[in-house]
Amino acid sequence: MQNSHMEEREFVVCAQGLLFAGRQILLRTNAPKIAGYVSDFFPAYDMATDHSAGPAAEITLMITEGESTAGDGFPWFRGRGEFAVAQFTPDDTLWFNLRARRVFGSFSAAVANDRERWRRHIFPTLFGILAAAVDVAPVHAACLARDTGGLLLAAPSGTGKSTLAVALGRRGYTFLSDDWTCLALEEGVIRASGFPMPVKLLPDADRFFPELRSYRTGISLNGELAFEVSPVDCFGLQRVRSCAVTCIILLERTGRTGCDISEIDFDEAAQHLIAEIEPLEGSLAACYERQIDLIHHLKGAACFRLHFDENPDVVAEELDAVCGPWIRHEHRS
Amino acid sequence: MSTGHNGTPASGDMMHRRKVLALNACFLWEGRRIAIRTNSVAVLRAAASADSDMRIAPSDRVDMQWEIVAEIPDIVPRSRLNCRVVRDRGTVYLDMGPSQWFAFDSETGNGAGFVYGAESDEETAENAVQYLSLILNHLKPILLEEEQGTWQR
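Here is what the cut-offs are and how they apply
Residues numbered from 1 in each chain as written. Chains lettered and ligands numbered in written order. Predicted model: local features only at pLDDT ≥ 70, side-chain atom pairs only at ≥ 80, totals over all residues. Helix = DSSP H or I, 4+ residues; strand = E, 2+ residues; numbered from the N terminus. Contact = placed C-beta atoms within 7 Å. Pairing = 2+ DSSP bridges. Axes fitted to C-alpha atoms, helices over the stretch in contact; angles between N-to-C directions. Buried ≥ 20, exposed ≤ 12 C-beta atoms within 10 Å, placed from the backbone. Arc of directions from axis to C-beta. Left-handed = near helix turned anticlockwise from the far one by under 90°. Nonpolar A, V, L, I, M, F, W, Y, C, P; charged D, E, K, R; others polar. Core = buried A, V, L, I, M, F, W, Y, C linked by C-beta atoms within 7 Å. Domains from an automatic or database assignment. Parallel < 35°, antiparallel > 145°, perpendicular 65-115°, else oblique.

(A) Quick peek at the overall build of chain B. From N to C terminus, chain B includes 2 helices and 8 strands. Along chain B, from the amino end to the carboxyl end, the secondary structure elements read β-β-α-β-β-β-β-β-β-α. Relative to all contacts within chain B whose residues are 6 or more apart in sequence, the contacts with residues 24 or more apart total 56%.

(B) Focus on the sheet that holds strand 19 (residues 242-244) of chain A. All names here are of chain A. Sheet architecture is open: 4 strands sit in the order 10-14-15-19, paired in antiparallel fashion. Where the open sheet ends on each side, the last strands, each with one partner, are strand 10 (137-139) and strand 19. Going across the sheet, the axis of each strand differs from the next one's by a mean of 35°, ignoring polarity. Two elements, strand 15 (residues 189-193) and strand 19, share 3 bridges in a ladder whose sense is antiparallel. Bridge pairing in strand 19 links Ser193 to Ser242.

(C) Here's a closer look at helix 1 (residues 41-49) of chain B. Restricting attention to buried positions, one finds in helix 1 of chain B the residues Ala42, Val43, Ala46 and Ala47 of chain B. Seen along its axis, helix 1 of chain B keeps its buried residues to an arc of 140°; they face one direction.

(D) Structural view of the packing of helix 4 (residues 161-170) of chain A against helix 8 (residues 312-327) of chain A. All names here are of chain A. Packing of helix 4 against helix 8 leaves a shortest axis separation of 8 Å and a crossing angle of 65°. Of the two possible hands of crossing, helix 4 and helix 8 adopt the one that is right-handed. Contact residues: helix 4 offers Thr163, Leu164, Ala167 and Leu168, while helix 8 offers Pro312, Asp313, Val315, Ala316 and Leu319. Tallied by class, the residues present in the contact of helix 4 with helix 8 amount to 7 nonpolar, 1 polar and 1 charged.

(E) Main features of the pairing of strand 8 (residues 110-116) of chain B. All names here are of chain B. When you tally the buried positions in strand 8, you get 7 out of 7 residues, the bulk of the element. Neither face of strand 8 is left uncovered, since the one carrying Asn110, Ala112, Phe114 and Tyr116 and the one carrying Gly111, Gly113 and Val115 both have all their residues buried. Where strand 4 (residues 64-71) and strand 8 come together, 7 bridges link them in parallel fashion. Considered in strand 8, the bridge of Glu67 is made with Ala112. Two strands pair when backbone bridges link them, and strand 7 (residues 101-105) and strand 8 are joined in this way by 5 bridges, in the antiparallel orientation. Following the sheet pairing, Phe102 is matched in strand 8 by Gly113. In sequence, strand 7 turns back onto strand 8 through a hairpin of 4 residues, with Gly109 there showing a positive phi of about 80°.

(F) Fine view of the nonpolar core. Counting 140 residues, the largest nonpolar core has Leu130, Leu144, Leu152, Leu153, Ala154 and Ile249 of chain A as its most contacted members. In terms of residue count, the dominant contributor to this core is helix 2 (residues 121-148) of chain B (7 residues). The two domains that each donate at least three residues to this core are domain 1 (8-134) and domain 2 (137-327) of chain A. Not counting chain neighbours up to four residues away, the residues in contact with Ile249 of chain A comprise Leu151, Leu152, Leu153, Ala154, Phe304, Leu306, Leu319 and Cys323 of chain A.

(G) Here's a closer look at the packing of helix 1 of chain B against helix 2 of chain B. All names here are of chain B. Packing of helix 1 against helix 2 leaves a shortest axis separation of 8 Å and a crossing angle of 50°. Taken together, the axes of helix 1 and helix 2 lie oblique to each other. Helix-helix and strand crossings are classified by hand; for helix 1 and helix 2 the assignment is right-handed. Listed contacts from helix 2 to Ala42, Val43, Arg45, Ala46, Ala47 and Ser49 of helix 1 are Thr124, Ala125, Ala128, Val129 and Leu132. Residue classes in the contact of helix 1 with helix 2 are distributed as 8 nonpolar, 2 polar and 1 charged.

(H) Seen up close, the domain arrangement of chain A. Residue and element names in this part refer to chain A. We note that the domain assignment places domain 1 (8-134) and domain 2 (137-327) within chain A. Placing the centre of domain 1 and that of domain 2 at their C-alpha centroids yields a distance of 25 Å. Listed by partner, the interface residues are 20 residues for domain 1 and 22 residues for domain 2. At 7 residues, helix 3 (residues 115-130) tops the list of elements feeding residues into the side of domain 1 that touches domain 2. A per-class count over the side of domain 1 that touches domain 2 returns 11 nonpolar, 4 polar and 5 charged.

(I) The arrangement of the pairing of strand 6 (residues 91-95) of chain B in detail. Residues and elements named next belong to chain B. Burial within strand 6 is extensive, with 5 of its 5 residues counted as buried. Residues Thr91, Tyr93 and Asp95 line one face of strand 6 and the alternating positions Val92 and Leu94 line the opposite face, and both faces are buried. One ladder, built from 5 bridges, connects strand 5 (residues 82-88) with strand 6; its direction is antiparallel. Across the sheet, the residue bridging to Val85 is Leu94, located in strand 6. In textbook terms, the turn of a hairpin is the stretch between consecutive antiparallel strands, and for strand 5 and strand 6 this stretch comprises 2 residues, one of which, Arg89, has a positive phi near 55°. Relative to strand 7, strand 6 runs antiparallel, the two being bridged by 5 bridges. Across the sheet, residue Val92 finds its bridge partner in strand 7, namely Phe104.

(J) The sheet that holds strand 11 (residues 141-146) of chain A, seen in detail. Residues and elements named next belong to chain A. What the 6 strands build is an open sheet, ordered 13-11-12-20-22-21; its pairing is mixed. Of all the strands in the sheet, just strand 13 (174-177) and strand 21 (258-263) have a single pairing partner and so form its edges. In this sheet, neighbouring strand axes are inclined to one another by 25° on average, regardless of whether the strands run parallel or antiparallel. Relative to strand 20 (residues 247-253), strand 12 (residues 149-154) runs parallel, the two sharing 4 bridges. Among the inter-strand pairings, Leu153 is bridged to a residue of strand 20, identified as Ile249. Running at roughly 15° to strand 21, helix 8 makes contact with strand 11, strand 12, strand 20, strand 21 and strand 22 (302-309) of the sheet.

Structure below.
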């Protein structure tokens, strides 16, 4: 039986503050390279000048000298009570104590050197699991901003959120996220923020976006074959880190050509978003309740249901015509 | 975030958090009462035999609550258990290879983990004893440190 031990206090060489959905997070690591990735992907906060109550959570990331061994069945995620584990390979693991709002990661040098892996897989997983503990609600929705407003496009995987998000981006909307969006209360207002991830488009999206033909598909985190491209580099879109939410659209594929947009009650939209949040029990039940409260704070947003099966540029044009005034606050002014 | 490794996001219980644990028993170990909830008879039997100091105890009061989920994984773990111990302030994580881990919070006494349940009862029982033995072996000195006040939070 082989045993090995590691302890955080033995190795930390740098510490820095980062902002996740407006929450102050303290990151400690033995690898300046990881601190660099964090600076690239998340806004910083200055721990030396901030005299508030302290960080909302602490993350310790340790890079070891060992190799990363390959294995089948990864990534592998499990949680129970306040604890959770995310394993990316047998040697690359994140450990969570959500009650204590602490995360400990141990990674091989090979994974530490893979900046894209941190952007595409590790940071989204880390913050996706941590979110509930720091009063952030991740919802399965794309998000785009326009002027002072923003819209959520909520739908299950495969409905066309990413495709429509890119089409709206090409109509002048600012891209925030195409799959998961984090909602958090900041100074009394719900704001949406995204992860610094590429946009994920299924292989047939090159029918609508010829720009994709110069890129290759790859296997994404959930095992799907997809293009994963920078919305800025590939499509020339503007990108924003956060925005207010003024409009919620529930997307539904119909299987018949056309596009139909109808206004719905806020409660219907809220129920859809709430159903996407993972229920937490026991010591984390209060976190789950606070996530539900966050969704109810969206009351006041205009809500629509969009049935469609149409070229994304056509859908984006119709959506902009109906919902654009709401997003830009013109409807109520 | 999509945390279902089979590619199904938001499919109810992505991290298998809510698996029903219908079995429970209370044990006296190192002067502490531990309530263990699990879905596996093998885990409770293993708890009773994993350490010579472990005794069945009444459950009227408990010092620690542990939840251990047994499941048959998609990938078969390595034949010999490797145990890697990670300590992060008051939390101890035991990484016992693919599909097996245990976490313990010394501040609350709460513990939780997943153990490999095999197709055969014999293999499940043998693995459960190894799993519980590793947990107890690693927690014993930590609890002792805590008692003596040398545990660094």
